[in-house]
Amino acid sequence: MHSASSTDLGSMLNVLRDPAGIPAPPALFQWLMVLTWALHILFINLVLGGGSLAIAAFLRRKDPLWGRLSRAMTQVTKVALSLAIVLGVAPLLFTQVIYDPMWYTSNVLSAAWVMGFIYALGLGYTCWFIFSFRNKEGASSFELLWAVAAVLLFALNGWVMHVLSVQSILPAKWLDWYAPHGVPDMSGLKVHAFSFPRFAFFFASAAAGTGIFLLAYADYFRTRNDFPEPYRELCRRIGRQWACWGFVGQALFALAWFAGIEKAASHPFLWITVVTLVGLLVLLWEEKPERLAGKGYLFQGLFVGYTLIVGIAREEIRLGALLPLGYDPMTYKVNLDLASTLLFFVTFLGVGGTALGFLLLMLWQAGKVEGRYVAGKTVARLANFALAIVLTWVAIFFGLGITIWVRNFH
């Protein structure tokens, strides 16, 4: 067995950093990482939980209300998967900025699984699209195979991300994993670390998140005649059940997970997570399904805040593992680059925010209309403004690039 002192490990981790440094203070990337991770995991919850609920409802599709719920959750899962993929890029990039030595090493140790992740995601996406096309009234039981295969592949991808995250905070074991008994293993086929309570915690989160979503879903369509009260009552009842049992599962797995963390008592956000979780459970448990009408948005907002707390706790666990080894992301070398930082935020907030704001407002209004939707003046103006700002950004991006290229060419 090989072993290394904390000083050696800290030196190694710091040497593996990008010598060019980062273009803005590390705290900025750290908070953006936590924030975007929370947004990403909200949609991951809907992928795993919504997909599972679509399957469960499909099995009871002879009841028209359950059949409708299965088809609705099939479409929700499809959209959530797209958003989860898009939003998953941001936290991954921020992680690579301030935790690059850990993330890249963990990826190399299990490289085959990392590459397989892409193929599994594509195959799972394809299976779910096939299911979404075939999940109609009168669909045969055979179609369920597509859905089950897709959810299993999505779960496999979640497991791969989980393994990479756990491996990345255990640098003291990297050498033994890379060269067991002194013989290098360069296959990348092995996974080396797994925490069942941590993994199960996020699956329970998927059940809770989907249940909370159903409460808001029922409220959102309350003004439409084609969403009758019996259907919305079913959504509230199932949503409450899934949310309550999801919270119970999360509480149990959280205690098991945190109990295995060294000096857990010194991490305040672990306890804030448990307290918030139990608070949400009690609040929801005391509400009868018929009294939940009109409270869906409230619970959705509380759940978003709770997910952000989980993201902070997750970051706290990572720092608790790395700081004693001498790796502090706040000491990352900074080569301040105001131009690129400004371009990033203008793109993120100006271009992305405007375009996303237009899409969200349009979708929000369109979903409340029964039949054909005609955009009002506000949405139409916002659409024109979003298009103009995107075209302006594209012109600046290529104009600047071409100008620099021409200057360097001469």
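Refer to the preceding data block for the structure.
Thresholds, definitions, all that
Residues numbered from 1 in each chain as written. Predicted model: local features only at pLDDT ≥ 70, side-chain atom pairs only at ≥ 80, totals over all residues. Heavy atoms only, no water. Helix = DSSP H or I, 4+ residues; strand = E, 2+ residues; numbered from the N terminus. Rg over C-alpha atoms; globule rule 2.2 N^0.38 Å. Buried < 20%, exposed > 50% of the residue type's maximum accessible area, 1.4 Å probe, protein only. Areas by Shrake-Rupley, 256 points an atom, 1.4 Å probe, with all protein chains shown as cover. Lys, Arg positive; Asp, Glu negative; His and termini not counted. Charge placed at Lys NZ, Arg CZ, Asp CG, Glu CD. Salt bridge = Lys/Arg side-chain N within 4 Å of Asp/Glu carboxyl O. Disulfide = S-S within 2.5 Å. Expected span 1.5 Å × (residues − 1). Core = buried A, V, L, I, M, F, W, Y, C linked by side-chain atoms within 4.5 Å. Contact = heavy atoms within 4.5 Å. Bend = angle between axes of the 7 residues up to and from the residue. Axes fitted to C-alpha atoms, helices over the stretch in contact; angles between N-to-C directions. Parallel < 35°, antiparallel > 145°, perpendicular 65-115°, else oblique. Left-handed = near helix turned anticlockwise from the far one by under 90°. Phe/Tyr/Trp six-rings, centres within 6.5 Å; stacked < 30°, edge-to-face > 60°. Lys NZ or Arg CZ within 6 Å of the ring centre and 35° of its normal.

(A) The overall build of the protein chain, seen in detail. On a plain count of helices and strands, the protein chain comes out with 13 helices and zero strands. When the helices and strands of the protein chain are placed in sequence order, the string is α-α-α-α-α-α-α-α-α-α-α-α-α. Computed over the C-alpha atoms, the radius of gyration of the protein chain is 24 Å, within 12% of the 22 Å expected from 2.2 N^0.38 for a compact globule of 410 residues. If you line up the protein chain on its principal axes, its C-alpha atoms span 65 × 60 × 40 Å. Relative to its 410 residues, the protein chain shows a buried fraction of 44%. Carbon and sulfur atoms provide 72% of the accessible area of the protein chain, an area that totals close to 21200 Å². In the protein chain, which carries 30 positive and 21 negative side-chain charges, the distance between the mean positions of the two groups comes to 9 Å.

(B) Structural context of the pattern of salt bridges. Enumeration according to the criterion identifies 11 salt bridges in this entry. Notably, a salt bridge pairs D226 with R224, separated by 2.7 Å at the nearest N-O pair. Across the salt bridge formed by E287 and R291, the nearest N and O atoms sit 3.8 Å from each other. Relative accessible area serves as the criterion here: at 12%, E287 is assigned to the buried category. Here R291 falls in the partly exposed class, since its relative accessible area comes to 49%. Taken together, the shared-partner salt bridges in this structure form one network comprising D219, E229, R232, E233 and R236.

(C) A look at the state of the cysteines. Applying the stated criterion across every chain, the model contains zero disulfides. Here C235 stays free of any disulfide, with the sulfur of C244 as its closest cysteine sulfur at 16 Å. Classification of C244 as buried rests on a relative accessible area of 3%.

(D) Layout of helix 2 (residues 26-58). The end-to-end C-alpha distance of helix 2 is 47 Å, a good match for the 48 Å that 33 residues give at a rise of 1.5 Å each. Helix 2 sits mainly inside the fold: 24 of its 33 residues count as buried.

(E) Structural detail: the nonpolar core. One finds L69, M73, W128, L214 and Y217 to be the most contacted residues of the largest nonpolar core, which totals 43 residues. Secondary-structure elements contributing two or more residues to this core are helix 2, helix 3 (64-98), helix 5 (111-134), helix 6 (144-168), helix 8 (196-220) and helix 9 (229-259). Those residues in contact with L69 that sit more than four places away from it in its chain are A57, L214, Y231, L234 and C235. I169, L270, L277 and I317 belong to the second largest nonpolar core, which has 32 residues in total.

(F) Fine view of helix 5. Relative to the 34 Å expected for 24 residues at 1.5 Å per residue, helix 5 spans 35 Å between its end C-alpha atoms, a close match to the ideal helical length. Residue F117 marks the point of greatest curvature in helix 5, where the axis turns by about 25°. Taken together, the buried positions of helix 5 are F117, A120, L121, G124, Y125, C127, W128, F131 and S132. In this structure, the buried residues of helix 5 make contact with helix 2, helix 3 and helix 6.

(G) Just the packing of helix 8 against helix 11 (residues 296-322), in detail. The interhelical angle for the contact between helix 8 and helix 11, taken along N-to-C directions, is 160°, at an axis separation of 8 Å. The angle between helix 8 and helix 11 falls in the class roughly antiparallel. Remark: the crossing between helix 8 and helix 11 carries left-handed chirality. Side by side, helix 8 and helix 11 meet where R198, F201, F202, S205, A208, G209, I212, F213, L215, A216, D219 and Y220 of the first sit next to G296, Y297, F299, Q300, F303, Y306, V310 and R314 of the second.

(H) Structural context of the packing of aromatic side chains. Here the structure, examined in full by the defined rule, presents 33 aromatic pairs. Each ring, one from F58 and one from F131, has its centre 5.6 Å from the other, and the planes form 65°; the classification is edge-to-face. Highlighted residues: F58 in helix 2 and F131 in helix 5, separated in sequence by 73 residues. Note on F58: relative accessible area 1%, which makes it buried. Of the aromatic side chains, those joined through ring pairs into one cluster are F213, Y217, Y220, F221, F227, Y231, Y297 and W364. Of note, R68 hangs over the ring of F227, and the distance from its end group to the ring centre comes to 4.4 Å. Here the basic side chain of K78 rests over the ring of F133, its NZ or CZ set 5.8 Å away from the ring centre.

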